[in-house]
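# Chains, contacts and geometry: an overview
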Amino acid sequence: QVQLVESGGGLVQPGGSLRLSCAASGIIFGLYAMDWYRQAPGKQRELVAGITNGGSTNYADSVKGRFTISRDNGKNTVYLQMNSLKPEDTAVYYCNARNVFAVQYEYWGQGTQVTVSS
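All of the points below concern the structure found in this document.

## A short note on the pairing of strand S4 (residues 32–39)
- Of all eight residues that make up S4, seven are buried, and the element is covered over most of its length.
- Summarising the sheet, S4 and strand S9 (residues 91–99) pair through eight bridges and their orientation is antiparallel. Among the inter-strand pairings, Met 34 is bridged to a residue of S9, identified as Ala 97.
- Pairing between S4 and strand S5 (residues 46–51): five bridges, direction antiparallel. Note on S5: the bridge partner recorded for Arg 38 is Glu 46.
- Between the antiparallel neighbours S4 and S5 lie six residues, among them Gly 42 with a positive phi of about 80 degrees.

Rendered as structure tokens:
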């Protein structure tokens, strides 16, 4: 059974930081690219950051220079370090796993709420 379990969300003031974690189980982690998405109320889900199984990263323009995605293959975990948070970063953040060799194998976590407010 595949599980992606996100943690680390919460309430933070503007300018603050949070680190999200996504622990994967039931998959061969090294075969999967990992992405973070977010969805704000009334908006479509959007890609925030991604990291390939080889460690290459990409970011949405809105978070470049503020967010950093990383992975620990030994712990089957992907992280999203979020600095200089803004109110517009408020959303539910979701972890996504994509098998790079078999695209039909794609999984989502349950999401974690991030609220940036004073």
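Let's pick the thread back up.
## Remarks on the pattern of salt bridges
- Taken as a whole and judged by the stated rule, the model has five salt bridges.
- Salt-bridge contacts for Glu 46 lead to Arg 38; the nearest nitrogen and oxygen are separated by 2.7 Å.
- In this structure, Asp 61 and Lys 64 form a salt bridge, with 3.2 Å as the shortest nitrogen-oxygen distance.
- Salt bridges sharing partners connect three or more residues here, namely Arg 38, Glu 46, Arg 66 and Asp 89.

## Some points on the sheet that holds strand S7 (residues 67–72)
- Ordered by their spatial adjacency, four strands build an open sheet running S1-S3-S8-S7, and the pairing between neighbours is antiparallel. The open sheet has two edge strands with one neighbour each: strand S1 (3–7) and S7. Pairs of neighbouring strands in the sheet enclose a mean axial angle of 15 degrees, with direction left out of account.
- Pairing geometry for S1 and strand S3 (residues 18–25), over five bridges, is antiparallel. Within S3, the residue paired with Gln 3 across the bridge is Ser 25.

Cut-off values and rules
- Along each chain, numbering runs from 1 in the same order as the chain's sequence is written.
- Whole-chain, interface and lining totals are the exception, using all residues; otherwise, since this is a predicted model, local features are given only for residues with pLDDT of at least 70 and side-chain atom pairs are given and counted only at 80 or more.
- Excluded from the side-chain calculation are hydrogens and water; included are all heavy atoms of the structure.
- Whether a residue is buried, partly exposed or exposed follows from its accessible area with a 1.4 Å probe, protein chains only, as a fraction of its type maximum: under 20%, in between, or over 50%, in that order.
- A run of H or I in DSSP becomes a helix once it reaches four residues, and a run of E becomes a strand once it reaches two; helices and strands are each numbered from the N terminus.
- In this description, strands pair whenever DSSP reports at least two bridges between them.
- By convention in these notes, a salt bridge is any Lys or Arg side-chain nitrogen within 4 Å of a carboxyl oxygen on Asp or Glu.
- Only the stretch in contact is used when a helix axis is fitted, and all axes are lines through C-alpha atoms; the angle between N-to-C directions ranges over 0 to 180 degrees.

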